[in-house]
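Results of the structural survey
If you want the building blocks of each chain, they are given just below.
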Amino acid sequence: MGQLSKKTYKALLKPMELELVSMARWLRETGARVVVVFEGRDTAGKGGAIDAVRKRLNPRQCRVVALPKPNDRESGQWYFQRYACHLPAAGEIVLFDRSWYNRAGVEKVMGYASEDEVEQFLAQAPVFEKQLVDDGILLFKYWLCCDQEKQEERFAERREDPLKRWKLSPIDLKARECYEDYTRAREAMLRATHTAHAPWTLVDFNDQKLGRLSLIRNLLDRLPDTRLPGPVAGLPPLEEAPKKERFTVIEPIPDFPTD
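Residues numbered from 1 in each chain as written. Predicted model: local features only at pLDDT ≥ 70, side-chain atom pairs only at ≥ 80, totals over all residues. Heavy atoms only, no water.

- Under an unreviewed UniProt entry, the name given to the chain is ADP/GDP-polyphosphate phosphotransferase, and the source organism is Lysobacter spongiicola DSM 21749.
- Per UniProt, the chain carries the Function (unreviewed entry) text "Uses inorganic polyphosphate (polyP) as a donor to convert GDP to GTP or ADP to ATP."
- Its UniProt record gives the chain a comment under Subunit (unreviewed entry), which states: "Homotetramer." (UniProt positions renumbered as here; feature names shortened; annotations may be inferred.)

Structure (structure tokens):
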């Protein structure tokens, strides 16, 4: 089966974008809070999926959280503490570009966390998420899947494209040799943290366009009915005649002397 064409992708995405805008209005009106966790293989397409969700939304209402490695102070905190401060307020949606699940993935595979720390995390994560859900947060967790062959193609594309080369970190290069290690870490994570109150959804991202559509459709279908009466169409007439813009033309700055 071939990859989804750009034209078909845009046509299928458009009505979902309208639903996302409707969801944003619903959040604002009801004060609901939404958290979406994006995890997955390196190169799977987390950034593109997040962009597809947030593109038409107000950036003051829809926030993307992509945290760097913890600093010295954060390393001495409760593990979940630096993530908790980014949770949404009423009427907001927060998209986590990687999340607290770093501990069960890259930190475990690359040896940045001890086995005891990983086991403690796997025991605490369902409890932490239960607290979020019990407090009314709507929590959605997505794992983006791609085959190793496809991953290698995307690594090569990043290496060759100067505009994408920044995505290729030393950790990514090292992770190329750890595909099966990441598979085992993911399976252990799913067994421990796939719960009734915060289930995981795995999405095939070998075709990134199709993966985005599948993820957004799933997200929209799992939300409550977000349809609200539409805003009143049209604008009331101005009481006075429209004003002309008044401004002063600024002359170009002369070139600096070269002597």
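**Quick look at the overall build of the chain**
- Each helix and strand counted, the chain has 10 helices and 5 strands in total.
- The C-alpha extent of the chain, read off along each of the three principal axes, is 70 × 65 × 50 Å.
- Counting all 259 residues of the chain, 42% fall into the buried class.
- A fraction of 78% describes how many contacts in the chain between residues 6 or more apart in sequence connect residues 24 or more apart. (Helix = DSSP H or I, 4+ residues; strand = E, 2+ residues; numbered from the N terminus. Buried < 20%, exposed > 50% of the residue type's maximum accessible area, 1.4 Å probe, protein only. Contact = heavy atoms within 4.5 Å.)

**Remarks on the packing of aromatic side chains**
- Under the counting rule described, the total for this entry stands at 14 aromatic pairs.
- One residue, R41, lies across the ring of Y179, its end atom 3.7 Å from the ring centre. (Phe/Tyr/Trp six-rings, centres within 6.5 Å; stacked < 30°, edge-to-face > 60°. Lys NZ or Arg CZ within 6 Å of the ring centre and 35° of its normal.)

**Focus on the nonpolar core**
- V36, F38, I93, L95, Y142 and I216 are the most contacted members of the largest nonpolar core, which has 34 residues in total.
- Elements supplying a minimum of two residues to this core: α1 (6-30), β1 (34-40), α2 (46-54), β3 (93-97), β4 (138-145) and α10 (208-222).
- Looking at this core element by element, the count peaks at 8 residues for α1.
- Ignoring sequence-local partners within four residues, the contact set of L95 consists of V36, F38, I50, V53, R54, C62, R63, V64 and V65.
- Judged by nonpolar contacts, the second largest core, of 27 residues, contains V35, W100, A104 and W143. (Core = buried A, V, L, I, M, F, W, Y, C linked by side-chain atoms within 4.5 Å.)

**A word on the UniProt feature "domain: Polyphosphate kinase-2-related" (unreviewed entry) in the chain**
- If you check UniProt for "domain: Polyphosphate kinase-2-related" (unreviewed entry), the listed places come out as residues 3-225 in our numbering.
- What you have in residues 3-225 is 52% helix and 13% strand, and the ends, taken at the C-alpha atoms, are 32 Å apart.

**Quick notes on α10**
- Taking 1.5 Å per residue as the helical rise, α10 with its 15 residues ought to reach 21 Å, and the 21 Å between its terminal C-alpha atoms agrees with that figure.
- Of the positions making up α10, those classed as buried are G211, R212, L213, L215, I216, L219 and L220.
- Packed against the buried residues of α10 are α1, β1, α2, β4 and β5 (200-204).
- Put simply, D207 is the residue that caps the front of α10, since its side-chain oxygen is 3.2 Å from the backbone nitrogen of K209. (Expected span 1.5 Å × (residues − 1). Polar contact = N/O pair within 3.5 Å; in protein donor to acceptor, adjacent residues only side chain to side chain.)

**Some points on the pattern of salt bridges**
- Evaluation of the coordinates by the stated rule reveals 19 salt bridges.
- Across the pair R56 and E17 runs a salt bridge, and its minimum N-O distance is 3.3 Å. Here R56, found in the loop between α2 and β2 (62-65), pairs with E17, found in helix α1; they are 39 residues apart in sequence, far enough to count as distant.
- E107 is paired through a salt bridge with R103; the nearest N and O atoms lie 2.9 Å apart. With respect to class, E107 is no different from R103; both count as buried.
- What you see here is one network of salt bridges that share partners, running through E19, R217 and D221. (Salt bridge = Lys/Arg side-chain N within 4 Å of Asp/Glu carboxyl O.)

**Looking at the packing of helix α6 (residues 115-134) against helix α9 (residues 179-193)**
- At a closest axis distance of 9 Å, the pairing of α6 and α9 adopts a crossing angle of 45°. For the element pair α6 / α9, the angle class is oblique. Handedness of the α6/α9 crossing: right-handed. From α6, L122, A125, P126 and E129 reach across to α9, where they touch A188, M189, A192 and T193.
- Here the contact of α6 with α9 is built from residues that sort into 6 nonpolar, 1 polar and 1 charged. (Axes fitted to C-alpha atoms, helices over the stretch in contact; angles between N-to-C directions. Parallel < 35°, antiparallel > 145°, perpendicular 65-115°, else oblique. Left-handed = near helix turned anticlockwise from the far one by under 90°. Nonpolar A, V, L, I, M, F, W, Y, C, P; charged D, E, K, R; others polar.)

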